[in-house]
Amino acid sequence: MREKTLLKIALIAAIIGVIILFIFSQQEEKKIVIKSIEETAGQKIVKVQGKITKITDKEKVAFMEILWEKPETVEVVLFKDQNISLRQGDYVEIEGTVEEYKGKKEIIGSKVVLK
Amino acid sequence: MASMFILTVSPILFAFFSPLAVAVFIIAMAITHTFLDNIPSIYLGAPEPGAALAVLPGHKMLLQGEGYEAVKLMTVGSFFGLLLSAVLIIPSIPLVKAIFPYLQQFMGWILLAVVLAIIFHEQKKIVALALFLLSGTLGVIAFNLPQIDTPLFPMLSGLFGLSTLFLSLNDKVNIPPQKIADKLSLEKKKVFTAIGLSTFCGSLVSLFPGVGAAEASVLGNELTGRRIGDKGFLMLVGGVNTVNMVVSFLTFYALDKPRNGAIVVVKELIKEITFNNLWIFLAVAVVAGCVAMVLTLYLSKKFSHYITKVNYQKLCVGIILLVGLMVLLLSGIYGFILMAVSTAVGLLPPLAGVKRSINMGSLLLPVILMFLL
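Residues numbered from 1 in each chain as written. Chains lettered and ligands numbered in written order. Predicted model: local features only at pLDDT ≥ 70, side-chain atom pairs only at ≥ 80, totals over all residues. Heavy atoms only, no water.

Trainee: Whenever I open this one, the interface of chain A and chain B confuses me. Can you help?
Mentor: When the parts of a complex come together, some accessible area is lost, and that lost area is often used as the size of the interface. With 17 residues of chain A at the contact, the number on the chain B side is 22 residues. Note on chain A versus chain B: buried area summed over both sides is about 1700 Å², and carbon and sulfur give 75% of it. One can count zero salt bridges joining chain A with chain B. Where chain A touches chain B, the interface holds one residue pair in polar contact (both at pLDDT 80 or more). Its residues placed into classes, the side of chain A that touches chain B shows 11 nonpolar, three polar and three charged. (Contact = heavy atoms within 4.5 Å. Buried area = accessible area lost by both parts, 1.4 Å probe. Salt bridge = Lys/Arg side-chain N within 4 Å of Asp/Glu carboxyl O. Polar contact = N/O pair within 3.5 Å; in protein donor to acceptor, adjacent residues only side chain to side chain. Nonpolar A, V, L, I, M, F, W, Y, C, P; charged D, E, K, R; others polar.)

This is the structure we're talking about:
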């Protein structure tokens, strides 16, 4: 194939390809709203909404208990990359991954939204 | 790929050996990888990210029957870069602790200056700028794709590996008989420059997240005004890869920051690195480097012999299919699409008459934006 032809094909493919990839990058990965934290084995990102019933707020990390749908609480650990102010009684939406710590499931939060 | 292998093997070893023994094994393996990776980079056009820029000059030498010398240049660069950085690490500890906070402010500007130098050196400056921005946009998008955890492998495979192989297929190249050179045909001044710069640049970038051996190679080449030529550049790239690994011990010790997959695993194993541990790791790195250098040159001689007996066109097709399959398995369909798009972008600089290093925009632009914004 001639180099000029290959150049044209590569240029068109590159521009269209970058546009397609940009569209993909705007898609949000599916978040799973969990019914029970025990059902979340193997899920990548989960979302939970509820009220903070207990909070221990340190400089770089916050440990919270969230009361959510059922009358049960879930432990959330949030590593802070900026100053955030959360208090007991705040209604929050937490996004994160489920990990097991000392035999108990907890959520390592990556995003928190104050409702 | 080396980090993945280390991450897979280490849990198995941990069941039988002490954490420090496993850490030593990982370091020896990681150092050896930086030497042996020179072989697929040159003969197969399938480099690790840090050696991506070596593909084009290495491939050129391969087509001139000098593939063995190309590997030797990278290997010698790796070995002397390893020795020089091992000697300088201990005295550098207080300096690194003192200057790191200040250097961080300037890293983005340093990299921006490197980019401007790369574009300025091109004859077709507008084309170079456009292609830099295109590859930079590709990089920014790739690092923000939620569907892919590790975009580096598909992106760099496409940009530097597969694009070279496709051009080889299009040009219907065949590998000529390979010469086994006893001596390196590179002036001493260029050897010292390449090794010195590989130590400096490889050390500098290993202090910062998101900046690696590939960026260090570009920085080093621009600092010399590209006067060391292709052979000097190969020695620089080889040195940078190994120095980057060795100096990551320093960043772990002095700054408590692991900068690559192997050191992350070491940190998980031994939690913190003492001064005694640092000595042990340096000694292990030097011993592993000595063995790896001999092994790399021996294997390269074998490769030189057998590569001419293989139909290179079929070999290229085989490698393209293999890399495509690996990307599909490791990164899924989105990774495969990224690889395909990156291949198209990777084809553009050589076809447009611009240096392939312009595609480093895929790594440089995201990192510059990270530091400056």
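Trainee: Is there a simple way to explain the packing of aromatic side chains in this structure?
Mentor: Two measures describe an aromatic ring pair: the distance that separates the ring centres and the angle between the ring planes. Residues and elements named next belong to chain B. Under the criterion given, the structure shown has six aromatic pairs over all chains. Seen in terms of ring centroids, Phe275 and Trp279 are 6.1 Å apart; in terms of plane orientation they differ by 90°. Their pairing is edge-to-face. In this pair, Phe275 and Trp279 are both assigned in helix H12 (residues 275–307), four residues apart and thus about one turn of the helix distant. Given the relative accessible area of 37%, Phe275 is considered partly exposed. We classify Trp279 as partly exposed; its relative accessible area is 47%. Taken together, the ring pairs connect Tyr253, Phe275 and Trp279 into an aromatic cluster. Over the aromatic face of Phe120 sits the side chain of Lys125, whose NZ or CZ is 5.3 Å from the ring centroid. (Phe/Tyr/Trp six-rings, centres within 6.5 Å; stacked < 30°, edge-to-face > 60°. Helix = DSSP H or I, 4+ residues; strand = E, 2+ residues; numbered from the N terminus. Buried < 20%, exposed > 50% of the residue type's maximum accessible area, 1.4 Å probe, protein only. Lys NZ or Arg CZ within 6 Å of the ring centre and 35° of its normal.)

Trainee: In this structure, what is going on with the environment of Ala62(A)? I would like to understand it.
Mentor: Residue and element names in this part refer to chain A. On the secondary structure map, Ala62 appears in strand E3 (residues 61–67). The class of Ala62 is buried, set by a relative accessible area of 1%. Residues Ala62 and Phe79, 17 residues apart in the sequence, show an inter-C-alpha distance of 6.6 Å.

Trainee: Explain the packing of helix H1 (residues 3–25) of chain A against helix H6 (residues 125–143) of chain B to me, please; I cannot follow it from the model alone.
Mentor: Helix-helix packing is described using two parameters, namely the angle between the two axes and the distance between the axes. Look at H1(A) against H6(B): their axes get within 10 Å of each other, and the N-to-C directions meet at 25°. One way to sum up the angle between H1(A) and H6(B) is to call them roughly parallel. When the axes of H1(A) and H6(B) are compared, the crossing they make is left-handed. Contacts from Ala14(A), Val18(A), Leu21(A), Phe22(A) and Ser25(A) of H1(A) reach H6(B) at Leu134(B), Thr137(B), Leu138(B) and Ile141(B). Here the contact of H1(A) with H6(B) is composed, by residue class, of seven nonpolar, two polar and no charged. (Axes fitted to C-alpha atoms, helices over the stretch in contact; angles between N-to-C directions. Parallel < 35°, antiparallel > 145°, perpendicular 65-115°, else oblique. Left-handed = near helix turned anticlockwise from the far one by under 90°.)

Trainee: What am I meant to see in helix H9 (residues 213–223) of chain B here?
Mentor: Because each turn of an α-helix spans 3.6 residues, side chains separated by three or four positions in sequence point in the same direction. Residue and element names in this part refer to chain B. By the criterion of burial, H9 is predominantly enclosed, with 10 of the 11 residues buried. Along H9, the positions that sit buried rather than exposed are Ala213, Ala214, Glu215, Ala216, Ser217, Val218, Leu219, Gly220, Asn221 and Glu222. Of the surrounding secondary structure, the elements contacted by the buried residues of H9 are helix H5 (67–121), helix H8 (188–206), helix H10 (229–255) and helix H14 (361–372).

Trainee: What is the right way to look at the pattern of salt bridges in this model?
Mentor: Scanning the entire structure with this criterion turns up four salt bridges over all chains. Glu187(B) is the salt-bridge partner of Lys190(B), the closest N and O atoms lying 3.8 Å from each other.

Trainee: I tried to follow the side chain of Ser342(B) on my own but got confused; where do I start?
Mentor: All names here are of chain B. With respect to the secondary-structure elements, Ser342 resides in helix H13 (residues 312–352). The exposure class of Ser342 is buried, given its relative accessible area of 0%. If we skip the residues at most four places from it in the chain, Ser342 touches Leu138, Pro154, Met155, Gly158 and Leu159.

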